[in-house]
Amino acid sequence: MLEGPYACGTPLNYDTPLLESIPPIVGGTCRLIQRLTEAPSRVYVRVNTLKTSVEDYLRRLKESGYLFERDEDIPEALWVKVEGPFRIQSMEKKVVADKRAAENVMMGSDLYIPGVVDPGRVVKGDVVTIVAPNGIPVANGIAVRSYREVLEAKRRKHRGRLGVFVKVTESIYRSVRIGDLPGLSDGLAYGQSVSSMYVARLLNPQPGESIIDLTAAPGGKISHVAQLAGPHSNLVAVDRPSKAGKLRENLNRLGATWVKVLEADSRYLTLDYPSLAGKFDKAILDPPCTNLGVIPKVMDSRSHRDSRNLAQYQFQLAKTAARLLRKNGILAYSVCTLTYTESEAQARRIADELGFEPIEPEFKTRRPIRSNYDFWLSPLLHGVTGFYISIMKKK
């Protein structure tokens, strides 16, 4: 029995029922939970073969001084090693970042104004320590703005205009900054976890197929589908209006201009667009989840109730997917979490109540662990983002 508010001596506040819902297949619980606070062993990019080849992009990286390697399983995936952890010497002046920003800064990213919780009394040129909301130091850096500018930007809600607040000079983990890679802004590559890349590969999109992504933003999976299926496919990407702008921007940059973006809540998609019912060969459903598989975590707080509530939301989206698919249509259900409630139990519920059956994908993998026809990727066993994927056919 796992006791106490913090799991296994880490800053992860998970209740006992949640921890006990993690299947043993992804690793021993305490060792796994400790691994969630550590960085992945590799950082990945996906080469966008709509605009370049893997060989040409590797050559361009090498010419720019970046030594990436090909992934063993995903042909268009390239990786570089993550180094660390390193000890950070705490400076007198501190800047507090929010959880998401702190986890990015821990990996070597600069601290941008939108992620600042407390800029302290920092002025331009100060050497500062960036800490998470729970006080854990994640990096040191040099302030390139004054705290007054940050406060004014937040007050006026112009946070995006000032950009970087602290330029990071040393962090707990160090690797290539994906945003600095050549050709990224031109759409030659896309920063994406290798775990996420398995979704499109296992779905096996083909030219001429009609495929829909029900929770598409920011566009990683549907743009991957686009490069595999090509422009002679009918692709639809759905997400809420607040996310649609970024989704369109990413798809256009990557050259997937034929993908149609719908601004909608996917739970009600067949009510808003009844003509879409039964029109798709394949669907991707990667719904909101408890995110237990995402690494590294500088802090987190989740309960088994959160998992159960999200499972109900996920099933609402699955019902829409069932309505959208033709007979014998294929559903790729995936979540970046490790709870049984949101993974295997959810897939079984989809199968039993919505008329699906698991199938054997044509794409043969070497990395994921198999459980019946389900695929698991484990931070502990694989050193990557934790992921669950199930490929099912509508009966």
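Placed above this text is the structure.
(A) The environment of Ile 212, seen in detail. Locating Ile 212 in the fold gives a position in strand E12 (residues 210-213). Along the backbone, Ile 212 and Ser 196 are 16 residues apart, and their C-alpha atoms lie at a distance of 16 Å.

(B) Structural context of the side chain of Gln 346. Relative to the elements of secondary structure, Gln 346 occurs in helix H12 (residues 344-354). One polar contact links the side chain of Gln 346 to the main-chain carbonyl oxygen of Ala 311, over a distance of 2.8 Å. With near-sequence residues (within four places) excluded, Gln 346 lies in contact with Ala 311, Gln 314, Phe 315, Tyr 333, Tyr 340 and Thr 341.

(C) Spatial organisation of the environment of Glu 103. Here Glu 103 lies in helix H4 (residues 99-106). A relative accessible area of 12% means that Glu 103 is categorised as buried. In the structure, Glu 103 is positioned 111 residues away from Leu 214 in sequence and 27 Å away in space, judged by C-alpha atoms. Filtering out sequence-adjacent residues up to four positions away, Glu 103 remains in contact with Pro 296, Lys 297, Val 298 and Met 299. A polar contact is formed between the side chain of Glu 103 and the side chain of Lys 99, at a distance of 2.9 Å.

(D) Structural context of helix H9 (residues 241-253). Here H9 contains 13 residues, and its C-alpha end-to-end distance of 19 Å stays within 8% of the 18 Å for a straight helix at 1.5 Å per residue. By the burial criterion, the buried members of H9 are Ala 244, Leu 247, Asn 250 and Leu 251. The buried residues of H9 occupy an angular sector of 135 degrees when projected down its axis, which confines them to one face. For H9, the secondary structure elements touched by its buried residues are strand E11 (189-191), helix H8 (220-229), strand E13 (234-239) and strand E14 (260-263). Of the residues trailing H9, Gly 255 is marked for its positive phi of about 85 degrees.

(E) Fine view of the nonpolar core. Residues Tyr 14, Ile 212, Leu 269, Leu 331 and Ile 350 are the most contacted members of the largest nonpolar core, which totals 77 residues. Of the residues forming this core, the biggest block, seven residues, is contributed by helix H7 (residues 194-203). Contacts of Ile 350, omitting those with residues within four sequence positions, involve Phe 315, Ala 318, Leu 331, Tyr 333, Gly 355, Phe 356 and Met 392.

(F) Quick look at the packing of helix H11 (residues 304-324) against H12. Interhelical geometry of H11 versus H12 gives an angle of 40 degrees and a closest axis separation of 11 Å. The orientation of H11 relative to H12 falls into the category oblique. For the pair H11 and H12, the crossing hand works out as right-handed. In this structure, H11 contributes Ala 311, Gln 312, Gln 314, Phe 315, Ala 318, Lys 319 and Ala 322 to the contact, and H12 contributes Gln 346, Arg 349, Ile 350, Glu 353 and Leu 354.

(G) Quick look at the state of the cysteines. Inspection of every chain in the model, using the stated rule, returns one disulfide. Unpaired in this structure, Cys 289 has its nearest cysteine sulfur neighbour in Cys 336, at a distance of 3.6 Å.

(H) Local environment of the sheet that holds E11. Spatial strand order, E3-E4-E2-E11: four strands in an open sheet with antiparallel pairing. A strand with exactly one partner marks an edge of an open sheet, and here the two such strands are strand E3 (69-70) and E11. By the bridge criterion, five bridges tie strand E2 (residues 42-47) to strand E4 (residues 77-81) in an arrangement that is antiparallel. Bridging from a neighbouring strand, Tyr 44 pairs with Trp 79 of E4. Contacts from H8 reach E2 and E11 within the one sheet, and its direction differs from that of E2 by about 45 degrees.

(I) The pairing of E4, seen in detail. Within E4, four of the five residues are buried, which leaves it mostly tucked inside the rest of the structure. Where E3 and E4 come together, two bridges link them in antiparallel fashion. Each residue of the ladder has a partner; that of Arg 70, found in E4, is Leu 78. Joining the antiparallel neighbours E3 and E4 is a turn of six residues.

(J) Layout of the environment of Val 105. You can see Val 105 is positioned in helix H4. When the C-alpha atoms of Val 105 and Ala 132 are compared, they prove to be 9.5 Å apart, with 27 residues separating the residues in sequence. In this view, Val 105 contacts Asp 110, Leu 111, Ile 130, Val 138, Ala 139, Val 168 and Ser 171; residues no more than four positions away in its chain are not counted.

(K) How the structure looks around the pattern of salt bridges. One pass over the full model with this rule turns up 28 salt bridges. For Asp 265, the salt bridge identified is with Arg 267, shortest N-O distance 2.7 Å. In this structure, Glu 360 and Arg 370 form a salt bridge, with 3.5 Å as the shortest nitrogen-oxygen distance. Residue Glu 360 is located in the loop between strand E18 (356-358) and strand E19 (369-371), and its partner Arg 370 is located in strand E19; the two are separated by 10 residues in the primary sequence. Residue classification places Glu 360 among the partly exposed residues on the basis of a relative accessible area of 41%. Linked through salt bridges whose partners overlap, the residues forming this network are Arg 42, Asp 71, Glu 72 and Arg 367.

Calculation rules
- Just so you know, the residues in each chain are numbered from 1, in the order the chain's sequence is written.
- With pLDDT at 70 or above as the cut-off, local features in this predicted model cover only qualifying residues; side-chain atom pairs require 80 or more to be listed or tallied, and sums for whole chains, interfaces and linings still use all residues.
- Calculation of side-chain values draws on the structure's entire complement of heavy atoms; hydrogens and water are dropped beforehand.
- Secondary structure elements follow DSSP: runs of H or I no shorter than four residues count as helices, runs of E no shorter than two count as strands, and numbering proceeds from the N terminus.
- Nitrogen and oxygen atoms within 3.5 Å of one another constitute a polar contact, given that in protein one can donate a hydrogen and the other can accept it, and given that sequence-neighbouring residues count only through two side-chain atoms.
- Should any heavy atoms of two residues lie within 4.5 Å, those residues are counted as being in contact.
- Burial classes: relative accessible area under 20% of the type maximum marks a residue as buried, over 50% as exposed, and values in between as partly exposed (1.4 Å probe, protein chains only).
- Expected span of a helix: the number of residues minus one, times 1.5 Å.
- Directions pointing from the helix axis toward each C-beta atom define the arc.
- The term nonpolar core refers to a set of buried residues drawn from Ala, Val, Leu, Ile, Met, Phe, Trp, Tyr and Cys, joined through side-chain atoms within 4.5 Å.
- For helices, the axis comes from a line fit to the C-alpha atoms of the stretch in contact; other axes are also lines fit to C-alpha atoms, and the angle between any two N-to-C directions lies between 0 and 180 degrees.
- If an angle is under 35 degrees, it is roughly parallel; if it is over 145, roughly antiparallel; if it lies from 65 to 115, roughly perpendicular; otherwise it is oblique.
- Take the far helix as the reference: if the near one is turned anticlockwise from it by less than a right angle, the crossing is left-handed, and if turned clockwise, right-handed.
- Throughout, disulfides are identified as pairs of cysteine sulfur atoms within 2.5 Å of each other.
- Here the rule is simple: two strands pair whenever DSSP picks up at least two bridges between them.
- Here, a salt bridge means any side-chain nitrogen of Lys or Arg that lies within 4 Å of a carboxyl oxygen of Asp or Glu.

Worth remembering: the numbers are spatial, not functional.
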